[in-house]
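Tertiary structure, described
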Amino acid sequence: MGSKIMSPCLDQRLPNRLSPHAIKEHLRTRWLGQQAVCCFDVVESTNTAANRLAREGAAEGTLIVANAQTSGRGRLGRSWVSPPGSGLYLSIILRPGCHPDWLPRLTLTAGVAVASAIQQTGMRPQLKWPNDILIADRKVGGILTEAVFDKRRIDFAILGIGINVNTERDELPISVRSLATSLGLSLGKPVPRIHFLQTLLHQMEQWYEFFCAGAFETILETWCEFDTILGKVVEVFLPETRLVGVAETLESDGTLLVRDKRGCLHSIIAGDVVHCRLEA
Ligand code: BT5
């Protein structure tokens, strides 16, 4: 794991420059990324840029990609380290028109899409509820779903996805390094960034169509095949408290059920599973 494996920008055989033309060429989607594609060399956060575009009326399927982010965002005010050239930092504008309660399900749907894309590169991805993508227990990507909605329906959702594609260990701060990996580091050779993006968009389109068709059960079944915490003792950080228990199952709406040591079952809608310990 430790050694330097590549400098993707220096490898001329790998097309690495993000441009609408390069992304659309050979893209197998029907609508996602086929119309508006916005590529930034450097942007504060693709989610912020996407939010602005969505408020201006950008259509469903609009794709925003950046070569680097200066203030990449994670959940709850955390940051996403986004070094130039090696990672994928993208946001997709969606207009599912569904009830806001379905938003967490959209994050799980994106997780399945990302994991399926990674699987196609020959690796074994893991999903950690609700938004982490791991390989061999190290974080390789994350999802940040944001939305504008009223009481009844989502006006638009921004699906933000960050993936360490060919990121090297020394591109990440020490605090993140020990818990992180990249596709290239895990595979032992560079992964073409644009090709992987195209695979990811293709998967995302398919799984999002399942989502819109109400086939969340199928999505959940696939999620569970990639899941890495069910049956394990987990520590869940909630806004006001902390819970230790066994991650038992995911409910049909995607909430996590955790049984504490007194036998009480807790339904977790949004929380941080920061620690998996011991087999139950
Ligand atoms: C996430 O948050 O994992 C969601 C990350 C979403 C990033 C994308 S990039 C495109 C779009 N535009 C944005 O501004 N954001 C989205 P969370 O679960 O809160 O995890 C954040 C934590 O992951 C940090 O506190 C670090 O510990 C760790 N981390 C940060 N950068 C990382 C990286 N490059 N690789 C692995 N771990 C990282």
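In this report, the structure presented in the accompanying data block is examined. (Residues numbered from 1 in each chain as written. Predicted model: local features only at pLDDT ≥ 70, side-chain atom pairs only at ≥ 80, totals over all residues. Heavy atoms only, no water.)

As for the nonpolar core
With 62 residues, the main nonpolar core has Leu90, Ile92, Ile118, Trp129, Leu183, Phe196 and Leu256 as its most contacted residues. Mapped onto the domain boundaries, this core takes at least three residues apiece from domain 1 (20-226) and domain 2 (233-275). Grouped together as the second largest cluster of nonpolar side chains are 10 residues, Ala50, Ile64, Ala66 and Phe156 included. (Core = buried A, V, L, I, M, F, W, Y, C linked by side-chain atoms within 4.5 Å. Buried < 20%, exposed > 50% of the residue type's maximum accessible area, 1.4 Å probe, protein only. Domains from an automatic or database assignment.)

Section: the site of the ligand
Every one of the 28 residues lining the ligand counts as a neighbour, but Ser45, Arg73, Arg78, Lys139 and Asn164 are closest to it. For the ligand, a nitrogen atom lies 2.9 Å from a polar atom in the backbone of Val81. Here Asn164 contributes a side-chain N or O atom positioned 2.8 Å from a nitrogen atom of the ligand. When the ligand is considered free in solution it has 790 Å² of accessible area, and contact with the protein chains removes 91% of it. The site holding the ligand turns out to be the largest pocket. Breaking the shell around the ligand down by element, the ones donating at least two residues are α2 (46-55), β3 (87-94), β6 (138-149) and β7 (154-164). Among the residues forming the shell around the ligand, the class breakdown is 10 nonpolar, 13 polar and 5 charged. (Near = heavy atom within 4 Å. Polar contact = N/O pair within 3.5 Å; in protein donor to acceptor, adjacent residues only side chain to side chain. Areas by Shrake-Rupley, 256 points an atom, 1.4 Å probe, with all protein chains shown as cover. 1 Å grid on protein atoms, 1.4 Å probe; cavity = no way out; pocket = protein on both sides within 12 Å on 5 of 7 lines; lining within 4 Å. Sits in = over half its atoms within 2 Å of the grid points. Helix = DSSP H or I, 4+ residues; strand = E, 2+ residues; numbered from the N terminus. Nonpolar A, V, L, I, M, F, W, Y, C, P; charged D, E, K, R; others polar.)

As for the pattern of salt bridges
One pass over the structure, following the stated rule, counts 8 salt bridges. In this structure, Lys128 and Asp132 form a salt bridge, with 3.5 Å as the shortest nitrogen-oxygen distance. Between Asp260 and Arg262 there is a salt bridge, with the nearest N and O atoms lying 3.6 Å from each other. One connected set of salt bridges, linked through shared partners, spans Lys128, Asp132 and Lys139. (Salt bridge = Lys/Arg side-chain N within 4 Å of Asp/Glu carboxyl O.)

Quick word on unusual backbone geometry
A cis amide bond links Trp129 with the next residue in sequence, Pro130, at an omega value of 0°. Mapped onto the fold, Pro130 is located in the loop between β4 (125-128) and β5 (132-135). A positive phi is found at His26, a non-glycine position, where the angle reads about 70°. Tracing the backbone through its elements, the reader meets His26 in the loop between α1 (20-24) and β1 (37-43). Looking at His26, the relative accessible area reads 67%, which means it is exposed. Even without being a glycine, Ala136 presents a positive backbone phi close to 50°. Overall, Ala136 belongs to the exposed group, its relative accessible area being 59%.

Description of the layout of surface pockets
If you roll a probe as big as a water molecule over the atoms, it shows you where there is empty space left. Its boundaries defined by the atoms lining it, the largest pocket holds a volume of some 970 Å³. Counting residues per element, the ones that place at least two in the lining of the largest pocket are α2, β3, β5, β6, β7, α4 (174-177) and β12 (272-279). Considered class by class, the residues forming the lining of the largest pocket number 17 nonpolar, 17 polar and 10 charged. Mapping the lining of the largest pocket onto the domain boundaries places at least three of its residues in each of domain 1 (20-226) and domain 2 (233-275). Considering only enclosed or pocket space, the second largest pocket measures out at about 590 Å³ in volume. Looking at the second largest pocket, it is lined by 27 residues, and the ones nearest its centre are Arg75, Leu76, Pro130, Thr145 and Ala270. Class assignment of the residues belonging to the lining of the second largest pocket gives a composition of 14 nonpolar, 8 polar and 5 charged. Here the lining of the second largest pocket spans two domains, since at least three of its residues come from each of domain 1 (20-226) and domain 2 (233-275). (Points joined across faces, edges and corners; volume = space filled by probe spheres on them.)

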